[in-house]
Amino acid sequence: MDACFTAFDKDEDGYLSVQEFEFICRALFRNDRGKVYNVEEHQLKKIYSVFDLNGDGRIDREEFEICWNRWIKVCTRPKSAFLIVDVQNDFITGSLNIKQCAAQHDGSEVIEPINRLLETVQFDGVFYSLDWHPIDHVSFIDNLHLREVDPSSGISKEAAQVYDTVTFKGPPLLKQRLWPRHCIQDSWGAQLHKDLKIVDNGIKIYKGTNPEVDSYSVFWDNKKMMDTSLSTQLQGKGATDIYICGLAYDVCVGATAVDALKSGYRTVLIDDCSRGVDLVDIEKTKATVIADNGVIVNSSQVKAMVEGRDRRPELGYKLALEIKQKLNFVDDANQ
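For clarity, every value in this text was computed on a predicted model and none was experimentally measured. (Residues numbered from 1 in each chain as written. Predicted model: local features only at pLDDT ≥ 70, side-chain atom pairs only at ≥ 80, totals over all residues. Heavy atoms only, no water.)

As for the overall build of the protein chain
So the rule is basically this: By the criteria applied, helices consist of DSSP H or I runs no shorter than four residues and strands consist of E runs no shorter than two, each listed in order from the N terminus. Think of it in three bands: with a 1.4 Å probe and only protein chains considered, a residue is buried below 20% of the maximum accessible area for its type, exposed above 50%, and partly exposed in between. Contact criterion: two residues are considered in contact whenever any of their non-hydrogen atoms come within 4.5 Å of each other. Note on areas: these come from Shrake-Rupley sampling with a 1.4 Å probe, and a residue is covered only by the protein chains present in the view. We treat Lys and Arg as the positive residues and Asp and Glu as the negative residues; His and chain ends play no part in the count. The atom standing in for a charge is NZ when the residue is Lys, CZ when it is Arg, CG when it is Asp and CD when it is Glu.
In terms of helices and strands, the protein chain carries twelve helices and eight strands. Along the longest, intermediate and shortest principal axes, the C-alpha atoms of the protein chain span 75 × 45 × 35 Å. Residue burial in the protein chain is summarised as follows: out of 335 residues, 51% are buried. The long-range fraction of contacts in the protein chain, counting pairs at least 24 apart against all pairs at least 6 apart in sequence, stands at 70%. In the form shown here, the protein chain has an accessible surface area of approximately 15,800 Å², with 49% of it arising from carbon and sulfur atoms. Considering the protein chain, the positive charge centre built from 40 side chains and the negative charge centre built from 52 side chains are found 2 Å apart.

A word on the packing of aromatic side chains
Put simply, the test is: By convention, a stacked pair of Phe, Tyr or Trp rings (six-membered ring in the case of Trp) has centres within 6.5 Å and planes under 30 degrees apart, an edge-to-face pair has planes over 60 apart, and any other such pair is tilted.
On inspection of all chains with the given rule, the structure shows eleven aromatic pairs. With 5.8 Å between their ring centres and 45° between their planes, Phe-51 and Trp-71 make a pair best called tilted. With a gap of 20 residues between them, Phe-51 in helix 3 (residues 41-51) and Trp-71 in helix 4 (residues 61-76) connect regions that are remote in the sequence. Comparing Phe-51 with Trp-71 shows no difference in burial state: the two are buried. Three or more aromatic residues link up through ring pairs in this structure, and these residues are Phe-21, Phe-29, Tyr-48, Phe-51 and Trp-71.

Regarding the UniProt feature "domain: EF-hand" (unreviewed entry) in the protein chain
Our working rule: UniProt positions are given in the numbering used here, feature names are shortened, and annotations may be inferred rather than shown by experiment.
Mapped onto this structure's residue numbering, the UniProt feature "domain: EF-hand" (unreviewed entry) falls at residues 1-31 and 39-74. The straight-line gap between the two end C-alpha atoms of residues 1-31 is 21 Å; of that span, 58% is helix and 0% is strand. Each end of residues 39-74 is marked by a C-alpha atom, and these two atoms are 17 Å apart; helix forms 69% of the span and strand 0%.

Some details on the pattern of salt bridges
This is how it is decided: A pair is scored as a salt bridge if a Lys or Arg side-chain nitrogen falls within 4 Å of a carboxyl oxygen belonging to Asp or Glu.
Under the counting rule described, the total for this entry stands at 20 salt bridges. Taking the shortest distance from any N to any O, the salt bridge between Lys-45 and Glu-41 comes out at 3.2 Å. Of the two residues, Lys-45 and Glu-41 both sit in helix 3, four residues apart, roughly one turn of that helix. For Lys-45, a relative accessible area of 48% translates into the label partly exposed. The residue Lys-224 makes a salt bridge to Asp-259 at a minimum N-O spacing of 3.6 Å. Of this pair, Lys-224 sits in the loop between strand 5 (203-207) and helix 8 (230-237) while Asp-259 sits in helix 9 (residues 249-262); the two residues are 35 residues apart in sequence, bridging distant segments of the chain. Residue Asp-259 is classed as buried on the basis of its relative accessible area of 5%.

Focus on the domain arrangement of the protein chain
Under the convention used in this document: Each domain's limits were defined by an automated method or a database of domain assignments.
Under the domain assignment, the protein chain is made up of domain 1 (1-77 + 315-334), domain 2 (80-137 + 180-307) and domain 3 (141-178). Put simply, the middle of domain 1 and the middle of domain 3, counted by C-alpha atoms, are 51 Å apart.

Details of helix 7 (residues 111-120)
Within helix 7, the full set of buried residues consists of Ile-111, Pro-113, Ile-114, Asn-115, Leu-117 and Leu-118. The inward-facing, buried residues of helix 7 abut strand 1 (80-85), helix 5 (89-92), strand 2 (125-131), strand 6 (241-247), strand 7 (266-275) and helix 11 (302-306).

Regarding unusual backbone geometry
The omega angle of the peptide bond from Gly-170 to Pro-171 is 5°, so this bond is cis rather than trans. Tracing the backbone through its elements, the reader meets Pro-171 in the loop between strand 3 (165-168) and strand 4 (174-177). Pro-171 connects to Pro-172 through a cis peptide bond whose omega is -10°. Mapped onto the fold, Pro-172 is located in the loop between strand 3 and strand 4. Positive phi, close to 70°, is recorded for Asp-186, a residue that is not glycine. In this structure, Asp-186 sits in the loop between strand 4 and strand 5. The exposed category is assigned to Asp-186, whose relative accessible area is 67%.

A look at the nonpolar core
Here is the rule we go by: Joining through side-chain atoms within 4.5 Å is the link that ties buried Ala, Val, Leu, Ile, Met, Phe, Trp, Tyr and Cys residues into a set, and such a set is a nonpolar core.
Formed by 62 residues in total, the largest nonpolar core has its most connected members in Phe-82, Ile-84, Ile-114, Phe-123, Leu-234, Tyr-243 and Ile-244. Per-element tally for this core: the top contributor is helix 9, with seven residues. In this structure, Cys-4, Cys-25, Val-39 and Tyr-48 belong to the second largest nonpolar core, which totals 28 residues.

Focus on the environment of Asn-293
Here Asn-293 is to be found in the loop between helix 10 (279-291) and strand 8 (295-297). Since its relative accessible area comes to 10%, Asn-293 is described here as buried. Distance from Asn-293 to Glu-12, taken between C-alpha atoms, is 34 Å for residues 281 residues apart in sequence. When near neighbours in sequence (up to four residues on either side) are disregarded, Asn-293 contacts Gln-43, Leu-261, Glu-314, Leu-315, Tyr-317, Lys-318 and Leu-321.

Put into structure tokens, the structure is as follows:
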């Protein structure tokens, strides 16, 4: 830490100016092929302000120690979790298969690149999520008769068709997209595809188990009423970064990525390991992730990122924002 501070304290005044800190960022955010990533000026100043704890416009050695331990170390040596979302039979060849919903995509196409990552990248944790629905689940169109549709629903019970969205009576009111029956607990359709590699230390996360609420995200159900075990498992692994892929890109993968970002994780979507239903919605998913400082990459880029040889400024900026939030929380608690 001291050697780094001294090396970038170019004027030897015992402080790091924002200009000197910029050189740190140029050294930090690059890949092992010599590419230096640009840090936007407003982001640079924001990151700098996070570690300028007393707001005097400079970073001293004590402040830099926090920067070193909580930011630079994570950027160079991240703890990475690999989250494989819903690569189940029903989404590949079964009742809700991607190819049936979107002729341009085949869900089985994700298996080979996912397996390659599992064989070549040393993740700190591997997680497999499974849609795991009871037979009376609210999302199934053939269960529509079990519940009352609210008069405010844009589509009546009698007119509703598969993939329509209706509003069920509350309280609270529940907007629900209607799907074919899929991923019934303990059924063939709910099983992970036989060609998907299951690592020995992989952890399975089950979602959608409450019959009264759907669950796209692997973190929470759609009404944020109940969480899964994922957050606890990630904390147990000390995860800082989450690599997310699977099925469907614009539904469960996207919802999971959004919740990962909201939960404070540096989040990476793996594009060629994901397939979706609607191309427009897939692009919306990508835009949402990028807007919250997530990153979208190809599987060929993952190994270098996990090993800290390819360090993206978006992820560094996201981490700095999370550190700022935690520091503010501590300050508020101490007042």
